[in-house]
Amino acid sequence: MRSPRIVLVLLLLLTGCGSPEPPPPPVSVEGIAINGNHFVNKTGETVDLRGFNVAGAEYSCIEGDGFFDTPDGQAPGDRTVKAMRGWGRANAVRVPLNEQCWLGLPAAPPAFAGEKYRAAVRDFVRRLNAYGFVAVLDLHRSAPAGESRASRSRCPTAITASTSGGRWRPASAPAT
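The structure presented is a predicted model; accordingly, all values stated were derived computationally and were not measured.

What counts, and at which threshold
- Residues numbered from 1 in each chain as written.
- Predicted model: local features only at pLDDT ≥ 70, side-chain atom pairs only at ≥ 80, totals over all residues.
- Heavy atoms only, no water.
- Phe/Tyr/Trp six-rings, centres within 6.5 Å; stacked < 30°, edge-to-face > 60°.
- Helix = DSSP H or I, 4+ residues; strand = E, 2+ residues; numbered from the N terminus.
- Buried < 20%, exposed > 50% of the residue type's maximum accessible area, 1.4 Å probe, protein only.
- Salt bridge = Lys/Arg side-chain N within 4 Å of Asp/Glu carboxyl O.
- Pairing = 2+ DSSP bridges.

This model, assessed by the stated rule, comprises 5 aromatic pairs. Where phenylalanine 52 meets tryptophan 87, the ring centres are 5.6 Å apart and the plane angle is 55 degrees; that geometry is what we call tilted. Pair noted here: phenylalanine 52 is in strand S4 (residues 51-53) and tryptophan 87 is in the loop between helix H2 (78-85) and strand S5 (92-98), with a separation of 35 residues, a long-range link. By relative accessible area, which is 60% here, tryptophan 87 ends up exposed. A centroid spacing of 6.4 Å and a plane angle of 85 degrees characterise the contact between tryptophan 102 and tyrosine 117, whose relative ring orientation is edge-to-face. On the criterion of sequence distance, the pair formed by tryptophan 102 in helix H3 (residues 99-103) and tyrosine 117 in helix H4 (residues 115-130) is long-range, its members being 15 residues apart.

Pasting the structure below:
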């Protein structure tokens, strides 16, 4: 005679063995915009952003370690982004940034700041877009021009207004 525990375990295992319905295909993120209180794509479909955080660009530059927190200091490459693309319904990648590095302010090491930093971010955004991701750029760290912040500023908007002189522009914008 079988033990009731074994039968219960077998029943529980067998009920989970059926093939679940595959998830619907992800909604296109092409032409993403804001409509009211939600994101929509170019055809007006609501888009829910799900995805990853690629930390490093907010601190690696200011610490003199490169543009991103990777072994070579560069943005994650095709192999990494392709692997991210394979993770289910992910469609967005948050990329936290550093104001001083973006603007090339004095506290940022020149080897990783200014146009070099912006180009590294721009190239990464283009790579993400090529794999179907929305890049969510986040001004994560900022500080007055001559200072360096080890953590996120409490009020990046006010600091940005005082140091940037209107020099923030989209990473996808052409370099001037």
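What follows covers the pattern of salt bridges. One pass over the full model with this rule turns up 7 salt bridges. A salt bridge links arginine 94 to aspartate 138, with the nearest nitrogen and oxygen atoms 2.5 Å apart. Of this pair, arginine 94 sits in strand S5 while aspartate 138 sits in strand S6 (residues 134-141), placing them 44 residues apart in sequence. A relative accessible area of 28% means that arginine 94 is categorised as partly exposed. The buried category is assigned to aspartate 138, whose relative accessible area is 16%. As a salt-bridge pair, arginine 122 and glutamate 115 come within 2.5 Å of each other at their nearest N and O atoms. According to the relative accessible area criterion, glutamate 115 is partly exposed, its value standing at 33%. By sharing partners, the salt bridges in this structure join Glu115, Arg118 and Arg122 into a single network.

Read from one edge of the open sheet, 3 strands run S1-S2-S3, paired in antiparallel fashion. The sheet is open, and its two edges are formed by strand S1 (33-35) and strand S3 (46-47), each paired on a single side. One ladder, built from 3 bridges, connects S1 with strand S2 (residues 38-40); its direction is antiparallel. Each bridged residue has a counterpart across the sheet, and for isoleucine 34 the counterpart in S2 is phenylalanine 39.

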